[in-house]
Structure formats: structure tokens, C-alpha cells
Amino acid sequence: MLGFSLGQYLLQSYLSFRQYKVLCRTKVPKTLQAEIDQTTFDKSQAYGRAKSQFGFVSGLVSQAIDVAVISLDVYPKLWAITGAWLIRYFPTRFSGEIPHSLIFIFTYGLAQTILGLPFSYYNHFVLEEKFGFNKQTVQLWVTDILKGQALSLAFGVPIGSAFLAIINKTGEKFFFYLWLFALSVQMFIITVYPIFIVPIFNKLSPLEPGPLKEAVERLAQQLKFPLGELQVIDGSKRSAHSNAYFAGLPWKKKIVLYDTLIEKSEKEEVVAVLAHELGHWKMGHTSKQLIVAQFHIFTIFALFSVFINNRSLFNSFGFHYEQPTIIGFMLFNEILAPADSIISLAVNALTRKFEYEAGKAAPLQLLPSPQATSSQYVTG
Ligand SMILES: [Zn+2]
């Protein structure tokens, strides 16, 4: 397992290195020469290189942490420590494997978050800052982290408890019920996320009437996109990067534009960005990705049902007496990594294909106005 993990890391580093060489080029590529000037290109390349260097260091550290977690038997040690906490600090009605697993997972997640803090800080306040992209204050960064932890507790406790209870109570065919549960959790999150979670971090307001709103509505109409709401999100309080996305239920969707996108782009450019996103919708990419994910999750759970009682798996990672389900699932995921890296290659290839498809689906709809269409036909 360690060998594979290192091998994978080396392969990824090699690929990043290849990309780094591309980021060292100083000449604007031919296809872009009409679009961007030398200064913009230089800045973009420098930003790419800085991000790549940062990725190299943070990747190295997280690789070292992964190796340490396995070779220093962090899982069994932390399992014992959290077990002792449970007895000492919690009332007896919280005893048992499920509460123990939840405390274990939360502590492990918290430790990972804390270890990641210096990198997150550097990323926002040094790297992004240097290139003028960072707009958030340290205070906002801290509140975001606290909110994130609170949310992971609020959702993690019920979802984690149900996950473990299903495995323990539904017998040998647990993987089927587990998959049904995972599917309903995903559906729940897809529905709840844009309505309840996004407003915890950002402010959404309706897009003001005007030429931009009309242009977006026209685009939605041309594509028969079921546009319910059209909103602006205050992305500018964190970063100068811009984006646009759509969310919501199949029959009533909302489009969300970043205020940074509106600020920095012409109306036609905003519509172009959005046209790409709606290209994804038109081609059914979100549903396709959801279906692929279901196959993936189902396979993982089905395979896990073969490994759940494998004594040697637990033994190899330092669990000689107990076989906690949550640990079994984590260890199983570790040994699944080789297969998973092949699957993620395939998923990446699919994502890439989808990006091109969305790009191709979009330009057809990129007609600024009906008048422009007719005049284009006349002149063209
Ligand atoms: Zn895309």
C-alpha cells in the first residue's frame, strides 16, 4: 500500500513537472496572440508557476503525513485514545461503537484541518494576495473554518450514525441499503445546499433588471432552460476570481453569477461564460455524472461487504483485538487506492470530454440578440 501510494505520488509529480515546463514558456501562444498582451501572459504564467510550486510543497507534506499515519499506527492509537475519552468524558448512554466511531472520525478530521491551516493561510494570504486575487480578511477565513467544522458536526453526526447503523443492522446485503441511503443523502444535499448552506457563507441577491438580465433570460429561453431565479453572489468578499453556476431542481433552476464576473466582464462575456455552464445542462452532464457516481459508490460498497470481516486487513494495520466498522471502511479505502486511481483517470477523461461538449453546445446559442442574428445572416 505504501509502495503504491509513493508510486502514485511520483507519477503525479512527474506530470506536474511537465506542466511546469509549459508554465515557463515566455512567448504568447499563436492562438492567443490576438487576445492577450505580453504583460497579461507573463503574469498568468507566473501565477501558474506559483500555484504549481505551492502544489508541489503541499503535496509533499500531505504525502509524508499519509506515510506517517500508516507506518506509525496512528489509526489504532487514535482509536484507543478516543475510546478512553468516551469513557471519561461522556455519559454511559453514549457508549458503544457508533459514538466511539463518531468521536474518532471528528478528531481525525479536526487534526487534518489543523495540519492544513498553514497551507490554507499561505494560499490565501501570500500566494493569492501577491497576485491580487485575495479579497478576504483573516477574520473571515477563521469564521469560514469554524462554520465548516460546525456544519461537519451537524451533518456528520446523523449521517455517520445512520451509515454505521445500516451496516450493523441489515446483515450481509448491507451494501444495497447503504447505497440507497447514500443516494438519498446526495439528493438531500443537492436540494438543501443551494438553499440553506450557500447563504451561511455568502449573500445572494436578485440580479438587477437591465441589459444583462435580459440577455441571460434570452439565453435561457433559447435553450429552454427552466430558469426560476437569477441571482448574484458576493464572491468578491473572498476572491477576485469569477465564476457562474446553476443549481436547483430539474424543473426549476436558478442561475447564480459572481459579482466579480459582472464587474470585470462585458455583457457578452458573462453570457459566454454562462452559455458554457448551460451547455453542461443541455448535454445532461450533471445527471450523467450523478449516474456514474452511483455505479462507483455501489461498487465500493459491494466490495467493502467482502472485506468487512477480513481479520488480516485489520491485523495488518494494527487492529489485533477489535474490528470497528468505520476503521474497516477506512482501511478498505486505503487498499482500494490503486483501483481508485484508475477509476479517477477514467472520470477525468470523461470530465474533459464533457468540457469540450459543453463548449461546443454553447456557441450555437451565443446569439446576442435576435436583430444581430438576422444581420449576421444578411452579411454572412
Ligand atoms: Zn465546464
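Residues numbered from 1 in each chain as written. Predicted model: local features only at pLDDT ≥ 70, side-chain atom pairs only at ≥ 80, totals over all residues. Heavy atoms only, no water.

**Things to note about the overall build of the protein**
Each helix and strand in the protein was counted, giving 13 helices and four strands. Judged by the C-alpha coordinates and their principal axes, the protein covers about 80 × 45 × 40 Å. For the protein, contacts bridging at least 24 residues in sequence account for 69% of all contacts bridging at least 6. With an accessible surface of roughly 22700 Å², the protein has 66% of that area assigned to carbon and sulfur atoms. The distance from the centre of the 33 positive side-chain charges to the centre of the 26 negative ones in the protein is 3 Å. (Helix = DSSP H or I, 4+ residues; strand = E, 2+ residues; numbered from the N terminus. Contact = heavy atoms within 4.5 Å. Areas by Shrake-Rupley, 256 points an atom, 1.4 Å probe, with all protein chains shown as cover. Lys, Arg positive; Asp, Glu negative; His and termini not counted. Charge placed at Lys NZ, Arg CZ, Asp CG, Glu CD.)

**Examining the coordination of the zinc ion**
The coordination sphere of the zinc ion contains the protein donors H276 (NE2), H280 (NE2) and E355 (OE), at a distance range of 2.0 to 2.1 Å. For the zinc ion, all donor residues lie on one chain, and their spacing in sequence is H-x3-H-x74-E. With H276 in helix 9 (residues 267-282) and E355 in helix 12 (residues 325-361), this residue pair connects regions lying 79 residues apart in the sequence. (Donors = N, O, S within 2.8 Å, 3.2 Å for Na, K, Ca; no water.)

**Considering the side chain of D144**
Here D144 lies in helix 5 (residues 138-169). Looking at D144, the relative accessible area reads 16%, which means it is buried. (Buried < 20%, exposed > 50% of the residue type's maximum accessible area, 1.4 Å probe, protein only.)

**Here we look at the nonpolar core**
Counting residues in each nonpolar core, the largest one holds 33 residues, and the members touching the most others are Y75, F163, F301 and I327. Elements that contribute at least two residues to this core include exactly helix 2 (38-71), helix 3 (74-89), helix 4 (97-130), helix 5, helix 6 (174-201), helix 10 (285-307), helix 11 (311-316) and helix 12. (Core = buried A, V, L, I, M, F, W, Y, C linked by side-chain atoms within 4.5 Å.)

**Thoughts on the confidence of the model for the protein**
Residues of the protein with pLDDT of at least 70 account for 95%, and the chain-wide mean is 90. Contacts for the low-pLDDT stretch residues 367-380, under 50 throughout, to residues beyond four places or in other chains number six contacts. (pLDDT = per-residue confidence, 0-100.)

**Here's the deal with unusual backbone geometry**
Here D73, not a glycine, exhibits a phi torsion of approximately 55 degrees, which is positive. Overall, the relative accessible area of 31% leaves D73 in the partly exposed class. Phi is positive for K224, close to 60 degrees, though the residue is something other than glycine. If you trace the backbone, K224 turns up in the loop between helix 7 (211-223) and strand 2 (227-233).

**Comments concerning the packing of helix 2 against helix 4**
Orientation of helix 2 relative to helix 4, taken along the N-to-C sense of each, is 165 degrees, at an axis distance of 11 Å. Classified by the interaxial angle, the pair formed by helix 2 and helix 4 is roughly antiparallel. Considering how the two elements wind past one another, helix 2 and helix 4 form a crossing that is right-handed. Only Y108, L115, F119, Y122, N123, L127 and E128 of helix 4 make contact with helix 2, whose side of the interface consists of Y47, A50, K51, F54, V57, S58, V61, I65 and V69. (Axes fitted to C-alpha atoms, helices over the stretch in contact; angles between N-to-C directions. Parallel < 35°, antiparallel > 145°, perpendicular 65-115°, else oblique. Left-handed = near helix turned anticlockwise from the far one by under 90°.)

**Some details on the sheet that holds strand 2**
Across the sheet, which stays open at both edges, the four strands sit in the order 1-2-4-3 with mixed pairing between neighbours. A strand with exactly one partner marks an edge of an open sheet, and here the two such strands are strand 1 (204-206) and strand 3 (244-249). Taking the axes of each pair of neighbouring strands and ignoring which way they run, one obtains an average angle of 35 degrees across the sheet. Bridge count for strand 3 against strand 4 (residues 252-258) is six bridges, and the pairing is antiparallel. Looking at the pairing, Y245 lines up with V256 of strand 4. (Pairing = 2+ DSSP bridges.)

**Notes on helix 10**
With 23 residues, helix 10 extends 33 Å from end C-alpha to end C-alpha; this agrees with the ideal 33 Å at 1.5 Å per step. What helix 10 keeps buried is the set H285, Q294, I300, F301 and F304. (Expected span 1.5 Å × (residues − 1).)

**Some words on the packing of aromatic side chains**
Geometrically, a pair of aromatic rings is defined through the distance of the ring centres and the angle of the planes. For the structure on display, the rule yields 26 aromatic pairs. Centroid distance F225 to F246: 5.7 Å. Interplanar angle 75 degrees. Geometry classified as edge-to-face. Of this pair, F225 sits in the loop between helix 7 and strand 2 while F246 sits in strand 3, and the two are 21 residues apart along the sequence. When sorted by exposure, F225 lands in the same class as F246, which is buried. Ring geometry for F307 versus F332: centroids 5.4 Å apart, planes at 40 degrees, classification tilted. A residue pair is termed long-range when its members are at least 10 positions apart, and F307 in helix 10 and F332 in helix 12 qualify at 25 residues. (Phe/Tyr/Trp six-rings, centres within 6.5 Å; stacked < 30°, edge-to-face > 60°.)

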